[in-house]
Structures are given as C-alpha cells and as structure tokens.
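# Chain and residue survey
Residue strings, one per chain:
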Amino acid sequence: MNYRPKRVAIVGTDTPSYELYCPNWVGMLEGLATLKIERQLFSCRPQLDIDALVEYEPDLIVYGLIDIVRKIGWRKEIRERLPKAKIVMWYGDFRYPGTGQIIADLSEIDCMFVSNDAQGAWYERIWKARKCLYLPLGSPIYDPPIRAAFAFDFVFIGAKITGSKFLDRALTIWKYQEEAGLKMIDGPANRPDLREKVFKNMPSIYRSSKVVLDQSHFTEAYRYTSNRHWIITASGGFALTKRFPGCELDYPEGTRAYFNTYEESIELLNYYLTHEKEREEIRAAGYLHARMHTYDHRFLRMFELLSSI
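Our subject in this report is the structure included herewith. These figures come from a predicted structure and were not determined experimentally.

Together, Leu 167, Leu 171 and Trp 174 give the surface a local cluster of nonpolar side chains, amounting to about 250 Å² of exposed area. Residue class for Leu 171 comes out partly exposed when judged on its relative accessible area of 45%.

Here it is, written out as structure tokens:
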C-alpha cells in the first residue's frame, strides 16, 4: 500500500511578494488540493516560524529552498520536535562542481528529491542525504487570456547570467536577439516589482506569442530541465526546446519542437512562424499533454517513492 500523508507542510516562501505567483508554490498547493490533502505553506524568509510549523502537526514536510539547507539549526529542531513526520528535500536547481554548490548535512531527513536523474549519488555524498531520487518539477495548468501586447513572434522569459558556467546560454540568447529578433523578458532579483509583473503575466506571454524559446542553462544532464519547460506548455504556449538527454520520455515529439543546434533552431523557428496550422497542432498537443505534468502527478510519484524506502 502506497504511503499517503494526511497533512503536508511546504517550507518555501512568500517573500518577496512575487513568490506568491511562483508556479512551484502555486502548483504544489494546487496539486495537494486536487488530491484532497491538507496543506499549508510556511515561509522560511526572513525567519521560519518553527512553533507554527510544529503546531500544524504535519505528517509530511517538504523543504523546497536551499535556504533551509543552510539552516542546520532549524532542521535539527524540526526533526527533534516532529520525530514521526516524514521530512524530504525537493531541490529544483542544477548545480555541479563547475558552478559551485554548498556542502551540507541533510542526514536527518528521510529522502531528497532532485529534478534531474543524474546526480542522486552526488547529493548523497555532498549533502549526506540518506537517499536522493529523481522527481522533476511541474506546473499548474493555466488558462490565460491572449493579449495583443504580448503577441511576440519569438520570446524568451529568463535571465542572461554571465558568470561561470552560465555564460554559454547568455551568449546564445544575445545571438538570438541579434539574428532572430528574440524578445527577451526578465524580472531581475533587484527589481522585485518587475519580477512580480513578469510572474503574473508569464502565462499570457507564453500563450500569446507564436514561438517560445525553451532552453535551460544546462542541457547535458540526464532528464534535467528548468521549470520553464513545464510552464510553457502548461500555459498553452508553443515550445521550441533545446534537446536534453531523456527529454522525449516526458514530452514526445509532436508536443513541442526539439532542436539540437542553433542552426536547426533557426530553421524550425522560420518554418513554424510561417506554418500556422502545424504550429497550432503542436501547441494544442503540448497543452493537452501538460496535464500529465501537474503537481498532483508529482506528489503521487513522491508518495510512491517514499513507500519503497
């Protein structure tokens, strides 16, 4: 019989205010609501109210930010005061020695989940997780309005980070801007008001645009992609996606357009900009398929994995 909690505490954040629109927090809460499981978000910024968390009496606690990884004192107290609760870490970012990663001791939690299927053993070593298993991120399903102001031919929502191993994608984005007319939209962390505006309008931007660039910073790890991959199709957008190992296991060809090289992406871009019928067929197929990648499905998979450890 699969494990199924009755009350789940998500340790995430609602600060700054744009986090209220973060697809991860929204999606997690919606997914648990779909499963008819009690749930509550507890913000760890700037301070986690551990007393409130304990009083809630969750039987499953999901840590969702690296902030809590850094707070060993908080985690030890939660473990001591809630000895019967299952506690897991669900980490969505991709980091490796080339980007740097903190060293931590998560040996007190029951399991760690990571959004790629290539680093379980690494996190079991550097974060001392008892077990680290693959569980991708997902997305709520949006039904956004189509707005003329967001009717871009080719759009990308994200940042151009130039440090360390992030530079390669930044250079590619610049090239798309110069050679293919890419509209780049970013809400930098030092402009929380602008980031909130981007988060609120993101589904409409994806739905209103003809082609959306879907390229993560890192595309070499097995089954790793950023949450952009899930949100584009869940918003009803047409995704032009940089291939990554295992990508078609989640989205088969025909639910988005895949490319391997920059040159191939330009060919596909030009084709789908001028072939509306084919573009619409793929867009609609992707939107339908996105229902397989909502957070109720992710939590059911989490419960299944927890049943086996």
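Let us now look at the pairing of strand β1 (residues 7-12). Where burial is concerned, most of β1 is hidden: five out of the six residues are buried. Bridge analysis of β1 against strand β2 (residues 38-43) gives six bridges, and the strand direction is parallel. Looking across to β2, one finds that Val 8 is bridged to Arg 39. In this fold, β1 hands off to helix α1 (residues 23-34), which returns the chain to β2; that crossover is right-handed. Strand direction decides the pairing type here: β1 and strand β3 (residues 60-63), joined by four bridges, are parallel. When the sheet's bridge partners are listed, Val 8 is paired in β3 with Leu 60.

The next subject is the nonpolar core. The biggest cluster of nonpolar side chains holds 64 residues, and the ones touching the most others in it are Trp 90, Met 112, Phe 113, Trp 127, Phe 299 and Met 302. Met 302 has contacts with Leu 60, Val 62, Val 88, Trp 90, Phe 113 and Leu 135, leaving out every residue within four places of it along the chain. Counting residues in each nonpolar core, the second largest holds 17 residues, with Ile 173, Leu 182, Leu 213 and Leu 240 among its members.

Further remarks concern the sheet that holds strand β11 (residues 257-259). Sheet architecture is open: five strands sit in the order β8-β7-β9-β10-β11, paired in parallel fashion. Edge strands, defined here as strands with exactly one partner in the open sheet, are β8 (183-185) and β11. Adjacent strand axes in the sheet meet at a mean angle of 25°, parallel and antiparallel pairs treated alike. Sheet strands in contact with helix α9 (residues 262-274) are β7 (154-157), β9 (211-214), β10 (239-242) and β11, and its direction is about 155° off that of β11.

Cut-offs used in this document
- Residues numbered from 1 in each chain as written.
- Predicted model: local features only at pLDDT ≥ 70, side-chain atom pairs only at ≥ 80, totals over all residues.
- Heavy atoms only, no water.
- Patch = residues over 30% accessible without salt bridge, like charges linked within 9 Å, V, L, I, M, F, W, Y side chains within 5 Å.
- Areas by Shrake-Rupley, 256 points an atom, 1.4 Å probe, with all protein chains shown as cover.
- Salt bridge = Lys/Arg side-chain N within 4 Å of Asp/Glu carboxyl O.
- Buried < 20%, exposed > 50% of the residue type's maximum accessible area, 1.4 Å probe, protein only.
- Helix = DSSP H or I, 4+ residues; strand = E, 2+ residues; numbered from the N terminus.
- Pairing = 2+ DSSP bridges.
- Right-handed = clockwise from strand over helix to strand, strands pointing away.
- Core = buried A, V, L, I, M, F, W, Y, C linked by side-chain atoms within 4.5 Å.
- Contact = heavy atoms within 4.5 Å.
- Axes fitted to C-alpha atoms, helices over the stretch in contact; angles between N-to-C directions.

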